[in-house]
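Examining the three-dimensional arrangement
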Amino acid sequence: KIAGAQSDIANWGYKGALTKFLPNLSNEVAWEYLSGAFASPAGLAIPIRNPYFSSKNSVQQYLYKGGSIVHGAIQAKNAYKASKFGVAGSINDVLLSTAKLYYDLVLNDVLLQIRIKAVEVARGLVVVNEDQFANGANTKLDVLQAKYQLSDDRQKLIAQQIARRQSAVNLAAALNTDTGVDLLVRDRTIGK
């Protein structure tokens, strides 16, 4: 919309530059009225009533003004053409940035699925290591390492949830929709 408004401004600027080829009309009207008395040297008061009306009309046409009229019109025309291409470029830029934000959301959504799976695997490893420790096949160090891995994966999962939500908010803001509504990716299946 901003680029479209700038294109409209350039269009009217071009039309304004074309009007410099037309003659300039000038009208001036003056009305003066003197009323009062004039004191003569003999001491007599002579009344004065003098209405004065003048009207000046003129037409001014520049045949050549150093090329500023012609070149100004050409410049305004080219600025208008450039603004039309600017509208198309702005639309392409908006589409490109929206596509980048969408693919950022898709990437963060896929990474979130990977983090969820990592937490599930770490949880399973904790259970296996605790069973092996209970049966004497493992050491306490192995159990603690598995618990650390589970804790680390949970923290990374939380960070990835935040990154995914931020991507959804950025895309919603670019689409001018409600940022309170979480945008979802339609196909959430990950494949090689």
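Here's a quick rundown of the structure. (Residues numbered from 1 in each chain as written. Predicted model: local features only at pLDDT ≥ 70, side-chain atom pairs only at ≥ 80, totals over all residues. Heavy atoms only, no water.)

Notes on unusual backbone geometry
If you check the backbone angles, Asn176 has positive phi at about 60 degrees while not being a glycine. With respect to the helices and strands, the residue Asn176 is situated in the segment after helix 3 (140-174). A relative accessible area of 71% means that Asn176 is categorised as exposed. (Helix = DSSP H or I, 4+ residues; strand = E, 2+ residues; numbered from the N terminus. Buried < 20%, exposed > 50% of the residue type's maximum accessible area, 1.4 Å probe, protein only.)

Regarding the environment of Phe133
Assignment of secondary structure puts Phe133 in helix 2 (residues 68-134). Assessed through its relative accessible area of 37%, Phe133 is described here as partly exposed. Taking the C-alpha atoms as reference points, Phe133 and Val143, separated by 10 residues in sequence, lie 7.3 Å from one another. Among residues more than four places away in sequence, those in contact with Phe133 are Asn138, Thr139, Lys140 and Val143. (Contact = heavy atoms within 4.5 Å.)

Some details on the pairing of strand 1 (residues 24-39)
Of all the 16 residues making up strand 1, 0 are buried; the element is thus mostly uncovered. Relative to strand 2 (residues 45-60), strand 1 runs antiparallel, the two sharing 16 bridges. Within strand 2, the position partnered with Leu34 by the bridge is Asn50. Between strand 1 and strand 2, which pair antiparallel one after the other, the connecting turn spans 5 residues, and Gly43 there sits at a positive phi close to 95 degrees. (Pairing = 2+ DSSP bridges.)

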